[in-house]
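Below are the chains, spelled out letter by letter.
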Amino acid sequence: MRILLDPTQPFPEDTKFAVSYLRVSTKAQTETGYDEEGLSIAAQREANERKAEQLGAVIVAEFVDAAESAKTADRPELQAMLGFIRELGVISYVIVDKVDRLARNREDDVLINMAVRKAGAQFVSSKENIDETPSGKLLHGIMASIAEFYSANLASESKKGTRQKAKSGGTPGHAPLGYRNVRERIDGREIRTVAVDPERAPLIQWMFSAYATGDWTMRQLTAELNRRGLRIPATKKLAERPLRYQHVDKMLVNRYYIGFVSYEGIEYEGRHPALIDTVTFEQVQAVRTARAAAREKVQKHPHYLKGSIFCGRCRGRFGVMNAKNRWGTVYPYFYCLGRAKKEDCTQSTILIADVEVAVEDYWSRIQLSESRITAIREQVMAALVGRQHSNRAELDRQEKRRKTLQNQQLKLIEMRYADAISLEHLKSEQERITRELAQAQQIIDQCSTEIEAVIKVVEEALLLCANAHRLYLSAPPDVRRQLNQAVFARFWIMDDQVQGADLTEGFAHLLDPGIAAGLTEPSKDKAAKIENRSRPAKGRGRSTGAQRADLELVRPRDAIQRPHGPLPADTTNPGPNRDRGSNVTVLVSEGGLEPPRPIKGTSTSS
Ligand SMILES: [Zn+2]
């Protein structure tokens, strides 16, 4: 720990304080000042300082951790940092270089994040766009998952050499068309490297510039390249083949041609010469994307709300129809399919666009407040601590069992060599040991993945809830479909409004204060306590059993008004659309008055 400033000294009132946390992977690297990615501590420090400046904060202390691996949360400097910010209580930011320097599994990540937040600070990454904004947190979750995956992958020794090669700009595996894998002798040592293929490279360059003009389709281009003699060269297993559409498509997006190598999803600056300049490459991408979008438009997709929306009057499904007005403009409508069968359904046709907006608005209710998320996370973690202890004990027990079994196995073989036991005895004992080993392994696997899996699911769901409305608004139709299906079992539509909705079981649970109940099996009193704490007296007696009822939100049959049972989110975070005013279906007939436009704070009835 290096104290750079004394934050108790007088500073302008709005000064924000930060700490800088640097990390290198091995002890040796602290000594050389470089880490395995060739990134010096000095460069990390500089990046962190830049970030602090952007945030308008001053760095008061710096922490450098030189742990052997990122796998444990008990790194000395990390603990010192957490203690420091807790003690001072004035630190706003903890600036780190990259998320994967923080923790390489989700559990640690959550624990560290919680500790920092408890101390009133937040993590900021100098490299990635990760902060405490909801979208930042979503990104953080994703990045942490990637780091976890990456770390798991690091374990495989065989990949290490290849990874090292890619990191230093070498080409892993076969060089793409237009290049050749060659062997060179340097100082008597044979070195495998990549060179430009003088025959094929010009054809590749022609291909990119031709496609960039937009005059060629992929099929025309493939035919022409074949005509000009470009082939997929023979390999050990396959003879020379003609070029196909898919090959061309793949080549056109391959960034190797502009000088990058990529390995395990990570891109490195390659040592090979680029065949294509970036301007041409970007033009090619633009043409390609535009064409893909045009193709997409032609294909017919069922509307993303279909399957999620139901008639609030008769519980029927909706169909889609297109109506033309007298000027020939087509308007897509939803209409109640139940209406044809059930005489009593009075649901009129609804403009699809109106339903889309109504559902968008409805999503604002799913928002969980920051404090709610913190509370849920704390409950989950608290519930998991007990589980973790028993898991650890079980793991130890099973590891011991495994060792004992392995010893028995060795002893058996020794005895057999000494002719002390019969072959049959050996065989049956071997079988028993193999069986028991498999059992032990199974329990070990379960113990070590269970908690992580639970945390992951909860975290992902929380991230979704934290930012649900914005996420939904910015999502393309297919993602909207997924979001709707993940959170809502059904939307009940009445006229052009969402009258209510049923949550899916998982989200009903998450939005329910008794979240911890499902993770452990707490005594009834404990569950009741949680209930009391997060739900102050509402004048309505509510038993734990009754919670389900208000999550059902609305019974469509008697849905005449907006649901009066509060939505779980309503109690903590009233959304912007709460006072929509009267719900009398139509005050002014369609097309009357002015066109609708957003008016702050007022509603249609005023
Ligand atoms: Zn209906």
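Let me begin by describing the structure that accompanies this report. (Residues numbered from 1 in each chain as written. Predicted model: local features only at pLDDT ≥ 70, side-chain atom pairs only at ≥ 80, totals over all residues. Heavy atoms only, no water.)

### Structural notes on the nonpolar core
Logical step 1: Counting residues in each nonpolar core, the largest one holds 34 residues, and the members touching the most others are Ile204, Met207, Phe208, Leu221, Leu252 and Tyr257.
Logical step 2: Those elements giving two or more residues to this core turn out to be α7 (201-212), α8 (218-227), α9 (245-252), β10 (260-263) and α10 (278-298).
Logical step 3: The greatest single-element share of this core, amounting to nine residues, is contributed by α7.
Logical step 4: In this structure, Leu221 is in contact with Trp206, Met207, Ala210, Tyr211, Trp216, Val248 and Leu252, ignoring residues within four places of it in sequence.
Logical step 5: Within the second largest apolar cluster, 33 residues are counted, among which are Cys336, Ala358, Cys465 and Leu483. (Core = buried A, V, L, I, M, F, W, Y, C linked by side-chain atoms within 4.5 Å. Buried < 20%, exposed > 50% of the residue type's maximum accessible area, 1.4 Å probe, protein only. Helix = DSSP H or I, 4+ residues; strand = E, 2+ residues; numbered from the N terminus. Contact = heavy atoms within 4.5 Å.)

### As for the sheet that holds strand β12 (residues 309-311)
Logical step 1: The three strands are arranged β12-β16-β17 in an open sheet whose pairing can be described as mixed. Looking at the sheet topology across the chains shown, the edges are occupied by β12 and β17 (497-503). Between one strand axis and the next, the sheet turns by 30 degrees as a mean value, whatever way the strands run.
Logical step 2: In this sheet, β17 lies alongside strand β16 (residues 488-494) in antiparallel orientation, the contact comprising six bridges. Paired with Trp492 across the bridge in β17 is Gly500.
Logical step 3: On top of the sheet, helix α12 (residues 352-362) reaches β12, β16 and β17; it is set at about 50 degrees to β17, its chief contact.
Logical step 4: In the packing of helix α16 (residues 477-487) onto the sheet, the strands contacted are β16 and β17, and the crossing angle to β16 comes to about 100 degrees. (Pairing = 2+ DSSP bridges. Axes fitted to C-alpha atoms, helices over the stretch in contact; angles between N-to-C directions.)

### Points about the coordination of the zinc ion
Logical step 1: Around the zinc ion, the donor atoms from the protein are Cys311 (SG), Cys314 (SG), Cys336 (SG) and Cys345 (SG), and they sit 2.2 to 2.3 Å away.
Logical step 2: One can describe the donor arrangement at the zinc ion as tetrahedral, given that its four donor atoms subtend angles of 96 to 121 degrees at the metal.
Logical step 3: Ordering the donors of the zinc ion by residue number gives the pattern C-x2-C-x21-C-x8-C. Taken as a pair, Cys311 in strand β12 and Cys336 in strand β14 (residues 330-336) lie far apart in primary sequence, 25 residues in all.
Logical step 4: Overall, Cys311 belongs to the buried group, its relative accessible area being 0%.
Logical step 5: With a relative accessible area of 4%, Cys336 lands in the buried category. (Donors = N, O, S within 2.8 Å, 3.2 Å for Na, K, Ca; no water. Tetrahedral: all angles 85-135°; square planar, octahedral: opposite > 155°, others 65-115°.)

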